[in-house]
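What the coordinates show
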Amino acid sequence: MVKFFIYFVSQLFNCGFIILKAVVVIGVKTKIIMKIPLSLIVYVLQKYKDVEGVVKIEEVDGEELVKKFAEEMEEMLGRKMKSVKRLAEAAEDADLYHEYNDTMEFDYYNSMLINTVDEDGNPVPLGGEFPLEENEHFNKLPVNTQQSNIQVPTNVYNRDPDIVNGVFMSEALNDVFIDNFQKDPTLTWQYFGSATGFFRLYPGIQWIPDENGVVTFDARNRNWYIQAATSPKDVVIVVDVSGSMKGLRLTIAKHTINTILDTLGENDFVNIIAYSDYVRYVEPCFKGTLVQADLDNREHFKLLVEELHVKGEGKVKNAMKESFKILNEAAALGQGSLCNQAIMLITDGAMEDFQDVFEEFNWPERRVRVFTYLIGREMTFAENVKWIACNNKGYYTHISTLADVQENVMEYLHVLSRPMVINHDHDIIWTEAYMDSVLFNTQAQSLLLMTSVAMPVFSKKKETLSHGILLGVVGTDVALRELMRLAPRYKLGVHGYAYLITNNGYILSHPDLRPLYKEGKKLKPKPNYNSVDLSEVEWEDTEERLRTAMVKGETGTLSLDVRTSVDKGRRAMFLKNDYFYTILNETPFSLGIVLTRGYGQYIFTGNVSVEEGLHDLLAPDLTIASEWTYCETDIDPAHRKLSQLQAVVRYLTGKEPDLECDMQLLQQTLFDAVVTAPMEAYWTALMLNTSGMEDGVETAFLGTRSGLMRFHLFLSLPRSFLTSTDKENMFTLDHFPVWYRRAAEYPAGQFLYYMPRQDTRGIGDAFTEQTHTHTWTQKTFFLYVLLCLLFSLLLIFYFLCLCLFLSPQDIDCYVIDNNGFVLISKQRNDVTTLCAFVCVGVYFLRVSLFDYQAMCKMNSHSVSSARPLLSVCTLNSLFLLEFNICGFWHTEHFADAHKKKGDILQPCDTEYPSFVYEPSVKETNSIIKCGRCQKMFVVQQIPESNLLMLVIQADCDCSRQMHEKPLLPLLLLLDSAVHNASVKCDRMRSQKIRRRPESCHAYHPQENANDCGGASFISLSASLFFICLSFSALVS
């Protein structure tokens, strides 16, 4: 019965397609087949034939393209560096001629107090009227482009003489800020972070404190400040966890460690040792080595520091020996920064005889600086702790409260900067990617990342030369989205993209970088968002040839066969990619572009008259990619409110001739508008002729490589599909629409169906997509026009009426796509939830994909917390699993949905399956044994589509067997991949190839080492030392 029914339905379907060879099937409702005559497609192709004489198909030269992109990026970044140099020169000159006055009074604009009044309506001190106007260029924030203003952290007194003198001196920067912005209108924020704590920002803004009225932002903690102020460094933090450190002292010590960690960057290396009666590493995995101080490792250390407990007697001698051994071994093996080395000792007192340790490991060269932090109010051992720092070119500070931590930790940066300041070496630095705190609340994920260029500012006064006084750091931000606009998407093809990495191999910008995760309703930055390695995104390069060449700053090419995914990781594609890469001169960055064999190898261009193209460009059904740059609207303030389509029209009509536009992209867009114009006319006619319009059709749309889209709504329904929020289905800076990318890899002339994500469309909808090809000198090229319809899923095919409604009760019918997702089922729940069709036999190929940016629950190793997997049926080599793909595929969402109170999400590495059907197998059938019964199934391809029909005998229940046997191995595989601690340890310890910064300033003979936190050179007090030894003996 089952076999006869399947044969009958499949033959009906095949006959239907034979009958329909003269038409294109767009949509079906019940027994009525909606037909669009081929004359429409012929008309579009005929329109193309009319302009075929002006069409060119050119092969893309990847080497020339990456070279051109690099030159344009270097020119843009060069302008930012010149602006920063002008700021540094102005600040140093202003300080040179400024005479310090400790009684100076100067009213400045405090960004927290501007435009505020007291109870009597009078401006508060340091406030006053400060005009603000919303500005498109600065993310629509209210700003003052004629004046900078001052931000002072809450823990810094805003009337302190150092602050007042510094603010007065830096007033000279206002004119330079404005002049820079006029010379380069693409500049964003410009700033001066003072060593005394204030922050001058241009343009001026209203600074908003947190919910407690506190401003915690301190420029001296920012990466751009720290990297510009010091050279790379190796740091071993040694913390006392003996019994005397209990209570507030331990809390202060932990805060001190975290503050030190915040001063480190990806060019630095670090480890943490805790000591009492014995020495132990805070992270045993890092024993005896230094690890890169990237964001991931720093956050990992902070979690471990919180778990520290006090016990026993403090014996610092062995801890110091271990620290010196780590640093000496790193230098001998060529590991670490190969520049500054420092030990940070955090203790409430040092009672041992430790002088011989320094004699053995550090004297007389004193290559390792030792900084000491005395914790608590007790001063008994202050002289000893100070002696350690002063005799090892370090600095001593006393921290008695939590409020003292920030200022005291900053002192070590000034000491490390001395050699650079005395030499007057103005090194320009570029930071790794980071998230701008203002943009974080206003922009989408791909628009968050920034990089900064910064430069130190020194005192040029002769009387302070040996002290090496750092005045502060000047800098400006560069939005990475603006930098990546210089590598236009249309030049790279459907699957092509550009990316940037740092000298450490970390991603600066890449379309597959996912820096945020969702916790509850909030988006948060991942702990490792800016330390994702290139090898973790381009993971098919198992030998890391691409990464190694780019980190070394080489120029070259590489070809790879890659497995990639679309539709948020749910579907696998197999591509042949050509990589082209080169260095960006005068920066630590390298640029790479990817061209995919096929559509990425060629570019299709046409030329039509402006008049003809402009007429069709103004059609109501037409839009262009809003995130692409057809015309530069950010240079002239008058253009910033124009959309890209408005800017293009105003330029082409001569209303804005001064606009800078991409002429190649404009020509391609005009050509596409002309060639696709018949669609608008046809859709309009269809709407007017109600007899030709079937119920259920919602939207028709098409897209071209130039970012042009046409779409027509047949039903007025609330929608997110094809709107600015629907990033997956729109042209963006990062990618072409998912329907475009999938159709591009599908055989031309066939229909492609798929179920959109539930958060994108309503329940029960699907796409059909048709691609067209054009032959040119015996080569086939993608005409880059995709004709698509969106329609009600349950009414697709006439034969499904037979399967769904006329089939016997003991038969289940399913329509499945080529990745195993159920599109149509008798049970509505099978459609409304996304289902996976998992076949480990002859029909489906299991493809392993990897995600090195996932987020998982900490200390969760059981499968009981996994998302429930509900079965439809089970087979020996074939079974259906019903589960939400979003959860399994994107582990951060998977973890979040079942996160219990107290659980912590942390980065993890995952392997997950995708499934692709084997097209050479047209039909297969088998019998599955389920205990005392058995069931028969048949799977058959649906012609001219990516669909399969599955018919299963339903009178035998295999659900219990499936839940007990097939699922467990799959879950264990995923669980072991996610929670493999040894893999995580190896990854965090790894010393991958990196390109060190070119400059290192670790020593200068004129440095005044006596300036170490005391008034003069400190010698070890014999009497105090004797007391220490006696006290130690009594305790023991």
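Preceding this paragraph is the structure being described.
Here's what I pulled together on the structure shown here.

Criteria and thresholds
- Throughout, residues of each chain are indexed from 1 in the direction in which the sequence is written.
- Restriction of local features to residues with pLDDT of at least 70 applies here, the model being predicted, together with a cutoff of 80 or more for giving and counting side-chain atom pairs; totals for whole chains, interfaces and linings are based on all residues.
- Note: side-chain values were computed over all heavy atoms of the structure, leaving out hydrogens and water.
- Each helix corresponds to a stretch of at least 4 residues labelled H or I by DSSP, and each strand to a stretch of at least 2 residues labelled E; elements are numbered beginning at the N terminus.
- The classification of residues rests on relative accessible area computed with a 1.4 Å probe and restricted to protein chains. Under 20% of the type maximum is buried, over 50% is exposed, and intermediate values are partly exposed.
- Here the accessible surface of atoms and residues is derived via Shrake-Rupley with a 1.4 Å probe, and residues count as covered only by protein chains that are part of the display.
- Like charges within 9 Å and nonpolar side chains (Val, Leu, Ile, Met, Phe, Trp, Tyr) within 5 Å are joined into patches, using only residues over 30% in relative accessible area that form no salt bridge.
- By definition here, a salt bridge exists when the distance from a side-chain nitrogen of Lys or Arg to a carboxyl oxygen of Asp or Glu is within 4 Å.
- Counted as positive: Lys and Arg. Counted as negative: Asp and Glu. His and the chain ends are not counted at all.
- To locate a charge, take atom NZ for lysine, CZ for arginine, CG for aspartate or CD for glutamate.
- Strand pairing is defined by DSSP finding a minimum of two bridges between the two strands.
- All axes are obtained by fitting lines to C-alpha atoms, using only the stretch in contact for helices, and the reported angles, taken between N-to-C directions, cover 0 to 180 degrees.
- We call two residues contacting when some pair of their heavy atoms lies within 4.5 Å.
- Only a pair of cysteine sulfur atoms within 2.5 Å counts as a disulfide in this structure description.

What follows is about the overall build of the protein. Helix and strand counts for the protein stand at 28 helices and 45 strands. Scored against the burial criterion, the 1036 residues of the protein give a buried share of 59%. About 42500 Å² of surface is accessible on the protein, with carbon and sulfur atoms providing 52% of the total.

Below, the discussion takes up a negative patch on the surface. Residues Glu-59, Asp-61, Glu-63, Glu-64, Glu-71 and Glu-72 make up a contiguous surface patch of negative charge. Among the elements that take part in the negative patch, helix 3 (residues 62-96) stands out by supplying four residues, more than any other. By the secondary structure assignment, Glu-59 is in strand 3 (residues 56-59).

Either a parallel or an antiparallel arrangement is found when strands of a sheet pair, and the pairing is made through backbone hydrogen bonds. If you trace the five strands from one edge of the open sheet to the other, you get 21-20-26-25-24, paired in antiparallel fashion. Among the strands making up the open sheet, the edge pair consists of strand 21 (507-509) and strand 24 (556-566). Neighbour-to-neighbour, the strand axes of the sheet open up by a mean angle of 35 degrees, direction not taken into account. The pairing of strand 24 with strand 25 (residues 571-583) spans eleven bridges and is antiparallel. Looking at the pairing, Ser-559 lines up with Asp-578 of strand 25. Contacting strand 20 (497-501), strand 24, strand 25 and strand 26 (590-596), helix 3 runs over the sheet at an angle of about 145 degrees to strand 26.

The full count for this structure, using the stated rule, is four disulfides. Across the disulfide from Cys-390 sits Cys-1012; the S-S distance is 1.9 Å. Taking the sign of the torsion about the S-S bond as the criterion, the disulfide between Cys-390 and Cys-1012, at about 90 degrees, is right-handed. Of this pair, Cys-390 sits in helix 11 (residues 382-390) while Cys-1012 sits in the loop between helix 27 (981-989) and helix 28 (1022-1035), and the two are 622 residues apart along the sequence. With respect to burial, Cys-390 and Cys-1012 carry one shared label: buried. Between the sulfur atoms of Cys-856 and its disulfide partner Cys-908 the distance amounts to 1.8 Å. Where Cys-856 bonds to Cys-908 through sulfur, the torsion about that S-S bond is close to 60 degrees, and the disulfide is right-handed. With Cys-856 in strand 39 (residues 844-857) and Cys-908 in strand 42 (residues 905-917), this pair connects stretches of sequence that are 52 residues apart.

Along the chain, Ser-643 turns up in the loop between strand 29 (631-632) and helix 17 (644-652). With a relative accessible area of 35%, Ser-643 lands in the partly exposed category.

We now examine helix 8 (residues 295-305). Buried residues dominate helix 8, accounting for eight of its eleven residues. Looking only at helix 8, the buried set comprises Leu-295, Asp-296, Asn-297, Arg-298, His-300, Phe-301, Lys-302 and Val-305.

Turning to the sheet that holds strand 44 (residues 933-941), a few remarks are in order. The sheet built from five strands is open, its strands ordered 37-36-45-44-43 with antiparallel pairing. The open sheet has two edge strands with one neighbour each: strand 37 (822-825) and strand 43 (923-930). Direction aside, neighbouring strands of the sheet carry axes that sit 20 degrees apart on average.

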